[in-house]
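Results of the structural survey
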Amino acid sequence: MNTEDHGFRWDGPADRDMIGDVRRTIQGWGARAGLPDDLVAELALASYEAMANVVEHAYPDTTDGPLSIRINREDQRLVVIVADQGQWQSAAADDLRGRGLLLMEGMARELRVARTPAGTTVEMRWPITPNQPDTTHAPQNAETGHEDAEDRLRDMAAITDSALARLGTDAMTHETLTRVRELLGADTATLLVYDASSEHLLATASIGIEEEVRQGIRIPYGRGFAGIVAADQKPLIVDHVDATTVLNPLLWEAGLHTLLGVPMVAAGQMVGVLHVGSRAQRTFTEHDISLLELAADRLALATQADLSRAEHAAANALQRSLLPSRLPAIPGFDIAARYVPSATSGVGGDWYDVFRLDDNRIGIVIGDVSGHGLASAVVMGRLRSALRAYALDNDSPGVVLDKLDHKAHHFEAGVMATVAYGVIDLDENRLRLCLAGHLPPVLAVPGRASVFVDAPPDPPIGFDLRTRQRRCHTVNLPPGSSVCFYTDGLIERRGRPLDLGMQALLRMVSANRAETTCTTLMARFVGTASLPDDVAVLIAHRSGH
């Protein structure tokens, strides 16, 4: 770190705790350099915000990438340059305006942001007038202007306090709402989270009108005060609170007269709405709006991260509960399976299942719901349960998939899934198979080259294919043979033709015991790699006698 009087420079890792120390060092350097107190405060706060954006967005796949800051005097101007070498995601880069840029624009007199493949550079400038204070943002009364500037900085610092980031999400939300209500002189402060599946806003935290949370208030997207804020993604002030302007009766029953609401957006996605209310008649200023937007941006990040963690945990728990914990013991067969979630989403819509039917028959299925995350896992669970129910009442795999297709089209609009479903007849040792857009399984017979089952492919689930019957194919399973079901995540890799993966699969599947073949496939196709997609493998091997 270099802090000579003629300039300041620092190079180091983009670490949240460290940049707090850098901010304090900048303040000390500014004081030693004889800069005005208000300029030092603006300089330190804006620099910190620029560095915080680097920490949050410049290195999404790594941690503590390089960060540099330079502060120099140039022709009666103070120039600050904050640079990184990260690869900003486009959504995060666009979202810069919603968070850090709001504060930086309010502090610096000039601001430029340059993004290149080699990194992002933020340049900020302030005029330095030795004998005359800068009045660019000040009212005519210099003393009042100085006090107003200090108040604005103090308010913003209270919202961007780094100590808040070290709190848990619930504590951070409660403390931020408390500070917002006090700083704006409001009576209430409420956070509503957007639920995309139901298209409603749900009250999740409130200060001053806690009944909103306790009574489970839900506001339709696009309707009423909060719904319009979410849909328009713009601040909104309502100075007459009643049934004509606000859907939630608790607000007008509480005697609120004026409401100010702002959207909560993170990474380009609607997260929710933050609003404050006043029982007295009042006017919210531009500073009030900016301050509430700043708080909304901080809350949006924390809320989105918390929702992501909760969704990931729920999806994992759901998938674990739906995948068979123990495969059934089948006379004359041994069965093995594997499931590996993707490295990016952690969980998805791949599944496999084996279940007993009547008349000495076994149902065997593997499927892949499009998409990732909790939504796909939930759909997967519903399709799995429905298929099991249809399989109990229908002997033909084609009829079962027809019913599943109709169900998905009616109740899961827009969902697409590939499914391979077959019934093993233990008396005749044959497999009756139907493919709904799924890749064909591999058949390995002792003394022969492994082949893909020549089953006719029909469209995936979700197309409501009722104009024609789905087609089935019968596969004989001689002693010692194996049939290998799989999802495309096992063999498909970006930049490589799918045919290459399929040919490699043929070479690796042999007429061995199911567990041996599973182990071989996972070592060959997965190994230690981080997978971009889910992988499911299911193998049934008939004993050799």
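Structure first, text after, so check above.
We now turn to the structure provided with this report. (Residues numbered from 1 in each chain as written. Predicted model: local features only at pLDDT ≥ 70, side-chain atom pairs only at ≥ 80, totals over all residues. Heavy atoms only, no water.)

1. Comments concerning the overall build of the protein
The line we're drawing: Numbering of helices and strands runs from the N terminus, with a helix taken as a DSSP run of H or I at least four residues long and a strand as a DSSP run of E at least two residues long. Residue exposure (1.4 Å probe, protein chains only): buried if accessible area is under 20% of the type maximum, exposed if over 50%, otherwise partly exposed. Note on contacts: a residue pair is in contact if any heavy atoms of the two residues lie within 4.5 Å. Throughout, the Shrake-Rupley method with a 1.4 Å probe supplies accessible areas, and for residues the shown protein chains are the sole cover considered.
Assigned secondary structure in the protein consists of 15 helices and 22 strands. Every one of the 545 residues in the protein was classed for burial, and the buried ones make up 50%. Intrachain contacts of the protein at a sequence separation of at least 6 include 66% that bridge at least 24 residues. Summing over all exposed atoms, the protein offers an accessible surface of approximately 25,000 Å²; the carbon and sulfur share of this is 49%.

2. Observations concerning the sheet that holds strand β21 (residues 482–486)
We count it as follows: One requirement defines pairing of two strands: DSSP has to find at least two bridges between them. Here the axes come from fitting lines to C-alpha atoms, over the contacting stretch only for helices, and the angles between their N-to-C directions go from 0 to 180 degrees.
As summarised here, the arrangement of the 5 strands in space is β12-β22-β21-β17-β18, forming an open sheet in which the pairing is antiparallel. Unpaired on one side and paired on the other, β12 (333–340) and β18 (451–452) mark the two borders of the sheet. By the bridge criterion, 3 bridges tie strand β17 (residues 442–444) to β21 in an arrangement that is antiparallel. Bridging from a neighbouring strand, Val442 pairs with Cys484 of β21. Along the sheet face, helix α15 (residues 514–525) touches β12, β21 and β22 (535–542) and points at about 25 degrees away from the line of β12.

3. Quick notes on the pairing of strand β4 (residues 110–116)
Where β4 lies against strand β5 (residues 119–127), 7 bridges are found, and the strand directions are antiparallel. Residue Thr116 lies in a different strand from β5, and its bridge partner there is Gly119. Between β4 and β5, which follow one another and run antiparallel, lie 2 residues.

4. A word on helix α9 (residues 224–232)
Three or more residues of α9 are buried, namely Gly224, Phe225, Ala226, Gly227, Val229 and Ala230. Residues of α9 that are buried in the fold lie against β6 (188–195), β7 (200–207), β8 (218–220), β9 (236–238), β10 (258–266) and β11 (269–278).

5. Some details on unusual backbone geometry
Phi at Glu199 takes a positive value of approximately 55 degrees, unusual for a residue other than glycine. Within the secondary structure layout, Glu199 lies in the loop between β6 and β7. Even without glycine at this site, Gln233 takes up a positive phi of about 55 degrees. On the secondary structure map, Gln233 appears in the loop between α9 and β9. The exposure class assigned to Gln233 is partly exposed, which follows from its relative accessible area of 39%.

6. So, the nonpolar core
Applied cut-off: By nonpolar core is meant a set of buried Ala, Val, Leu, Ile, Met, Phe, Trp, Tyr and Cys residues that side-chain atoms within 4.5 Å join together.
Counting 35 residues, the largest nonpolar core has Leu35, Leu43, Ile69, Ile71, Leu78, Met124 and Trp126 as the members making the most contacts within it. Here this core takes 12 residues from helix α2 (residues 37–58), the largest share from any one element. Setting aside anything within four residues of it in sequence, one finds Leu35 in contact with Trp29, Gly30, Val40, Leu43, Arg73, Leu78 and Ile128. Counting residues in each nonpolar core, the second largest holds 27 residues, with Ile362, Ile366, Leu433 and Leu538 among its members.

7. A short note on the packing of helix α14 (residues 498–508) against α15
Just so we agree on the cut-off: Left-handed describes a crossing whose near helix is turned anticlockwise from the far helix by less than a right angle; the clockwise case is right-handed. All amino acids are sorted into three groups, where Ala, Val, Leu, Ile, Met, Phe, Trp, Tyr, Cys and Pro are nonpolar, Asp, Glu, Lys and Arg are charged, and the leftover types, Gly among them, are polar.
One way to put it is that α14 packs onto α15 with a least axis distance of 10 Å and a crossing angle of 145 degrees. The way α14 lies across α15 gives a crossing that is right-handed. Across the interface between the two elements, Gly501, Ala504, Leu505 and Met508 from α14 touch Thr520, Leu521, Arg524 and Phe525 from α15. Residue classes in the contact of α14 with α15 are distributed as 5 nonpolar, 2 polar and 1 charged.

8. Quick word on the packing of aromatic side chains
To keep things clear, this is the line we draw: The rule is short: rings of Phe, Tyr and Trp, with Trp giving its six-membered ring, pair when the centres are within 6.5 Å, and they are stacked under 30 degrees, edge-to-face over 60, tilted in between. Ring-over charges, as used throughout, are those where CZ of Arg or NZ of Lys falls within 6 Å of the ring centre and within 35 degrees of the ring normal.
All chains considered together, the criterion is met by 3 aromatic pairs. A centroid spacing of 6.4 Å and a plane angle of 15 degrees characterise the contact between Phe355 and Tyr421, whose relative ring orientation is stacked. With Phe355 in strand β13 (residues 348–357) and Tyr421 in strand β15 (residues 417–425), the pair connects residues that are 66 residues apart, well separated along the chain. Across the pair, exposure class does not vary: Phe355 and Tyr421 are buried alike. Above the ring of Tyr48, the side-chain terminus of Arg23 is found at 5.4 Å from the ring centroid. Across the ring face of Phe525, the terminal group of Arg524 is positioned such that the distance to the ring centre comes to 4.8 Å.

9. Focus on the state of the cysteines
Using the following cut-off: Cysteine sulfur atoms that come within 2.5 Å of each other are treated as a disulfide pair.
Counted under the stated rule, the structure contains 0 disulfides. For the unlinked cysteine Cys434, the closest cysteine sulfur is that of Cys472, found at 4.4 Å. On the accessibility criterion, Cys434 (0% relative accessible area) is buried. Looking at Cys472, the relative accessible area reads 19%, which means it is buried.

10. Examining the side chain of Arg470
As a reminder of what qualifies: For the purposes of these results, a polar contact is taken to be a pair of N or O atoms within 3.5 Å, where, inside protein, one atom must be able to donate a hydrogen and its partner to accept one; residues adjacent in sequence count only when each atom of the pair is a side-chain atom.
For Arg470, the position within the fold is in the loop between β19 (457–458) and β20 (473–476). Residue Arg470 is classed as buried on the basis of its relative accessible area of 6%. Of note is the side chain of Arg470, whose polar atom sits 3.5 Å from the side chain of Asp402. One polar contact links the side chain of Arg470 to the main-chain carbonyl oxygen of Pro459, over a distance of 2.8 Å.

11. Observations concerning the side chain of Asn248
Within the secondary structure, Asn248 sits in the loop between β9 and α10 (249–253). Setting aside its immediate chain neighbours within four residues, Asn248 contacts Glu212, Ile217 and Ile219.

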